[in-house]
Amino acid sequence: MSSSIMQLSPSETYEFVTAALACRQVPYVAGPPAIGKSQVIHQVAEDANAMMIDLRLSQMLSEDMTGLPERDEKRGKAIYLPFDTFPLEGDPIPDGYSGWLLFLDELSSATEEVLAAAYSIILDRMVGGKKLHSKCVVVAAGNRASDSAIARELPDTLITRMLPCEMKVSSTDWIRWAKQHGKRHDTVVDFISKNSNMLYAPTKSKEREELETYPTPRGWEKVFAHVNMHERETMKEEEGVDNAGVPTGQIVQSGQPISAMCFNLMAAAVGTMAARTFKEEYDENIQLPYPWEIAQSPASTRIPGGGVQKARLMTDLAKYFMESDNQTRDNCLVYVNRVGGEYSELFLSEIKGKTGETPSDKRLVQYISERLNIDPLLRSALKGGDSSGSNPF
């Protein structure tokens, strides 16, 4: 691929693909392995209410594309009988869908025979001499020939039949996507937020050992499952105690450092160096200071490094604050100001959720608001723009 080709973030790629389909043209998304190209196309299909037909061309034969020959009894000639993989003219649209999205994935890894068969689909919308359904749109994707993947440079005759772009990694897009992931782990998301250079850090194949991995967006998605499994097995709820060993009556969560097996899983997903860096930060932050420790030594109690841990601590501290006397409350506010930033606003929000509309409650909230150093810009939530594109149907 030429370095002058358009390089788009995942969100920009989504817009590009959707706009191309609205023009009834075929977009081609190139890029290195494991950065989320297929996920973007799946999102396009979902948002367009299209049934996804995901074809991995590296695993296909030309007959899979053109169909098998059969005899036309009326004319006495051989014709092709396409497989039911492809929606053709006259086929009913599946219930609940507006059409189909035919995804020709791993196009650059296909054999020459399969590429030749793909020409007809991409340019003429034909399969075995029969027309694709008018409600079927086509998208193609593949790795670059320069990547350490089974890929080739596509011929000009095919490239000129498509609208090519190259997808690049964007930590901003990945974090936005990860926060909506149903099985995410917030500690992993927070780690990438602070270490965006570790989201994607490939090394040349000649510079790494066989089977050695490196950080990729796909790899960090796997780490979600590893950390979730670790915490299911190790996280416990127990009654907290003060420095004299007396139970405080408050339930606190306690976890364990990343186990050797969990580390091995993470290292297999994102490489040893990235996994070790994440483990060190996770292990450091797993034990949060107790609220009573903060009340006793607000100026010296350790502040967790992770955003998830800070947020959890603010929630615990707000509950402790409401149950404490005035001196203890003042010390809590000293510590909250040390943490600062959005976490001061989070603490105040937690307090508001625990108070009512009485005059005394309002005075308390006003007092806390005046004591805390909160940036006025943090008092209103930022709203993102609408990233949805045109529906190709």
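Our structure is the block above this text.
First, a word on scope: everything that follows refers to the structure included in this document. (Residues numbered from 1 in each chain as written. Predicted model: local features only at pLDDT ≥ 70, side-chain atom pairs only at ≥ 80, totals over all residues. Heavy atoms only, no water.)

Examining the overall build of the protein chain
Thinking step 1. Counting secondary structure elements, the protein chain contains 15 helices and twelve strands.
Thinking step 2. Taking 393 residues into account, the globule formula puts the C-alpha radius of gyration at 21 Å, and the protein chain, at 28 Å, lies well above it.
Thinking step 3. Considering only C-alpha atoms, the protein chain reaches an extent of 95 × 50 × 40 Å along its principal axes.
Thinking step 4. The proportion of buried residues among the 393 residues of the protein chain is 44%.
Thinking step 5. Restricting the contact set of the protein chain to residue pairs at least 6 apart, pairs at least 24 apart contribute 70%. (Helix = DSSP H or I, 4+ residues; strand = E, 2+ residues; numbered from the N terminus. Rg over C-alpha atoms; globule rule 2.2 N^0.38 Å. Buried < 20%, exposed > 50% of the residue type's maximum accessible area, 1.4 Å probe, protein only. Contact = heavy atoms within 4.5 Å.)

Here we look at the packing of helix α8 (residues 217-234) against helix α10 (residues 272-285)
Thinking step 1. Taken N-terminus to C-terminus, the directions of α8 and α10 make an angle of 40°; their axes are 13 Å apart at the nearest point. The angle between α8 and α10 falls in the class oblique. Viewed along their axes, α8 and α10 form a crossing whose handedness is right-handed. Contacts between α8 and α10 involve W220, V227, H230 and E231 from the former and A274, F278 and Y282 from the latter.
Thinking step 2. For the contact of α8 with α10, the class distribution of residues is five nonpolar, one polar and one charged. (Axes fitted to C-alpha atoms, helices over the stretch in contact; angles between N-to-C directions. Parallel < 35°, antiparallel > 145°, perpendicular 65-115°, else oblique. Left-handed = near helix turned anticlockwise from the far one by under 90°. Nonpolar A, V, L, I, M, F, W, Y, C, P; charged D, E, K, R; others polar.)

Considerations on empty space enclosed by the protein
Thinking step 1. Scanning the model with the defined rule gives three cavities of 30 Å³ or more in all.
Thinking step 2. Considering only enclosed or pocket space, the second largest cavity measures out at about 50 Å³ in volume.
Thinking step 3. Those elements that place two or more of their residues in the lining of the second largest cavity are α7 (186-194) and α10.
Thinking step 4. Per element, the largest residue contribution to the lining of the second largest cavity is four residues, and it comes from α10. (1 Å grid on protein atoms, 1.4 Å probe; cavity = no way out; pocket = protein on both sides within 12 Å on 5 of 7 lines; lining within 4 Å. Points joined across faces, edges and corners; volume = space filled by probe spheres on them.)

Structural notes on the pairing of strand β2 (residues 27-30)
Thinking step 1. Residues P27 and V29 point to one face of β2 and Y28 and A30 to the other, with burial holding for every one of them.
Thinking step 2. In the sheet, β2 pairs with strand β10 (residues 163-167) via four bridges, with the strands oriented parallel. What sits directly across from Y28, in β10, is P164.
Thinking step 3. Direction of pairing for β2 relative to strand β9 (residues 136-142): parallel, over a ladder of three bridges. Note that in β9 the partner of Y28 across the bridge is A140. (Pairing = 2+ DSSP bridges.)

A closer look at the nonpolar core
Thinking step 1. L102 and L107 are the most contacted members of the largest nonpolar core, which has 29 residues in total.
Thinking step 2. The greatest single-element share of this core, amounting to six residues, is contributed by helix α4 (residues 112-124).
Thinking step 3. Beyond its immediate chain neighbours, meaning those up to four positions away, L102 contacts I53, L55, F86, I121, L132, C136, V137, V138 and V139. (Core = buried A, V, L, I, M, F, W, Y, C linked by side-chain atoms within 4.5 Å.)

Quick word on the pairing of β9
Thinking step 1. Most of β9 sits inside the fold, with seven of its seven residues counted as buried.
Thinking step 2. Pairing between strand β6 (residues 99-105) and β9: five bridges, direction parallel. Counterpart to L101 in the pairing with β9 is V137.

Some words on the pattern of salt bridges
Thinking step 1. Summed over all chains, the structure comprises twelve salt bridges.
Thinking step 2. With a shortest N-O distance of 2.8 Å, R184 and D186 are connected by a salt bridge.
Thinking step 3. Overall, the relative accessible area of 39% leaves D186 in the partly exposed class.
Thinking step 4. Because the salt bridges share partners, they merge into one network encompassing D54, R56, D105 and E106. (Salt bridge = Lys/Arg side-chain N within 4 Å of Asp/Glu carboxyl O.)

Structural notes on unusual backbone geometry
Keep in mind that most residues, glycine aside, have a negative phi and that most peptide bonds are trans.
Thinking step 1. The backbone of A34 shows a phi angle near 70°, a positive value even though the residue is not glycine.
Thinking step 2. For A34, the position within the fold is in the loop between β2 and α2 (37-47).
Thinking step 3. Positive phi, normally seen in glycine, also occurs at N49, with a value near 60°.
Thinking step 4. Mapped onto the secondary structure, N49 falls in the loop between α2 and β3 (50-56).

Observations concerning the sheet that holds β10
Thinking step 1. Ordered by their spatial adjacency, six strands build an open sheet running β1-β10-β2-β9-β6-β3, and the pairing between neighbours is parallel. Each end of this open sheet is capped by a strand with a single partner; those strands are β1 (7-8) and β3.
Thinking step 2. When β1 meets β10, the two strands line up parallel, connected through two bridges. Bridging from a neighbouring strand, L8 pairs with M167 of β10.
Thinking step 3. Packed onto the sheet, α2 meets β2, β3, β6, β9 and β10 and runs at close to 170° relative to β6.

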